[in-house]
Amino acid sequence: MKKIALLLVLTIVFNTVSAQSKKKQILLLGTFHFENPGLDVAKVNTFNVMSDKSQKELENITNKIKKFGPDKIFIEWNYEKQDNLDKFYNKNTDSLLHKDADEIVQLALRSAKKLGHKKLYGIDYNNADFPYESLVKGMKEANQLDLIRKNEETMKYYQTDHNKKITKYSLTELLLDTNTKASIEGNIGWYLQTAIKGGKKDNFVGAFLVSEWYRRNLYMYALIQKLTESQDDKIMVLLGAGHTAMIREFVEHNPEFEIVELATVLK
């Protein structure tokens, strides 16, 4: 009984402290690759973020981010190469903004400079595996015809949907769409509904691919927590939409953080 009573007391104390503690706000900005290197499984067209219209939108978006006021901005850059990121950040900003279409420059660097930040923080972990070709091979060897068809249809739908949207949507609309609940769920769904089933009964190539994807994102999330200091009230995380979908899942189980939606920041 004493042990049960102690457990109840500790639970109440923990919940009380959690409720009283001010949560850190985290803006998860999931994006497509502005300067598409063509390395993703799904092949999509590139959106021109260097047009006058898009540049004006980027000014407006980053002004709104400045108003939100993150204390740190985390980006998709190998954490082991922070020195290179520091050098990159200290280059001539105006020159970079006019010639480099990458989202790190156009969104993260532009925002950080407006906020007067001294640096950006790289949190990407690049030592995880992503054996997509082995996954497809495993599906074929297991004669998983329905799964192969579902995988191909999913990739085709994503490509067609994205390519259609970039002909109709503005940059702001694209970013807002990328961060909707439907898009977020879609980014996770392929891993847990399709990829994970790949391979014969004793071949876990699908589950391995999914576990490696989780590992990469868990390591990134660990770095976010390690680099977020007690005095940081707000942070921003700019990553590919597939990554922010996973980070969102982790954050939702952390009472120290509360997610701020991009739509709220841009309204």
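Rules behind the numbers
Note on numbering: residues in each chain are counted from 1, in written sequence order. Note on the predicted model: pLDDT of at least 70 is required for a residue's local features to be given, and 80 or more for side-chain atom pairs to be given and counted; whole-chain, interface and lining totals, by contrast, use all residues. For side-chain calculations, the full set of non-hydrogen atoms in the structure is used, while hydrogens and water are omitted. Only the six-membered ring of Trp is used, alongside the rings of Phe and Tyr, when aromatic pairs are assigned; centres must lie within 6.5 Å, and planes under 30 degrees apart are stacked while those over 60 apart are edge-to-face, with the rest tilted. Numbering of helices and strands runs from the N terminus, with a helix taken as a DSSP run of H or I at least four residues long and a strand as a DSSP run of E at least two residues long. The rule is simple: take the accessible area with a 1.4 Å probe, protein chains only, and divide by the maximum for that residue type; under 20% is buried, over 50% is exposed, in between is partly exposed. The contact criterion used is simple: two residues touch if any of their non-hydrogen atoms lie within 4.5 Å. When a carboxyl oxygen of Asp or Glu is within 4 Å of a side-chain nitrogen of Lys or Arg, the pair counts as a salt bridge. This arc is taken over the directions from the axis of the helix to the C-beta atoms.

An unreviewed UniProt entry annotates the protein as DUF5694 domain-containing protein of Flavobacterium gyeonganense.

Our next topic: the packing of aromatic side chains. All chains considered together, the criterion is met by 12 aromatic pairs. Pairing phenylalanine 74 with tyrosine 121 gives two aromatic rings, centres 5.7 Å apart and planes at 50°, and the pair type is tilted. Of this pair, phenylalanine 74 sits in strand E2 (residues 72-78) while tyrosine 121 sits in strand E3 (residues 121-124), placing them 47 residues apart in sequence. Take phenylalanine 74 and tyrosine 121: they sit in the same class, and that class is buried. Each residue in the set Phe130, Tyr132, Trp190, Tyr191 and Trp213 is aromatic and connected to the rest through ring pairs, giving one cluster.

For the rest of this paragraph, the subject is the environment of glycine 69. Note on placement: glycine 69 falls in the loop between helix H2 (52-68) and E2. Here glycine 69 falls in the partly exposed class, since its relative accessible area comes to 23%. The sequence separation of glycine 69 and lysine 114 amounts to 45 residues, and the corresponding C-alpha distance is 9.9 Å.

The next subject is the environment of lysine 200. Within the secondary structure, lysine 200 sits in the loop between helix H9 (181-193) and helix H10 (205-227). Overall, lysine 200 belongs to the partly exposed group, its relative accessible area being 45%. Put simply, lysine 200 and lysine 140 are 60 residues apart on the chain and 9.4 Å apart in space, counted from C-alpha to C-alpha. Residues contacting lysine 200, with those up to four places away along its chain left out, are Gly138, Glu141 and Ala142.

Counting across every chain of the model gives 12 salt bridges. Residue glutamate 59 is joined to lysine 114 by a salt bridge in which the shortest nitrogen-to-oxygen separation is 3.1 Å. Of this pair, glutamate 59 sits in helix H2 while lysine 114 sits in helix H5 (residues 103-115), and the two are 55 residues apart along the sequence. Through salt bridges with shared partners, a single network forms among Glu59, Arg110 and Lys114.

With that settled, the discussion passes to helix H3 (residues 82-89). Each turn of an α-helix holds 3.6 residues, which means side chains three or four residues apart point in the same direction. Looking at H3, one finds that the buried residues are Gln82, Leu85, Phe88 and Tyr89. Viewed along the axis of H3, the buried residues span an arc of 115°, placing them on a single side of the element. Among the exposed residues of H3, those pointing more than 90 degrees away from its buried face are Asp83 and Lys87. Considering only its buried residues, H3 is in contact with E2, helix H4 (93-99), H5 and E3.

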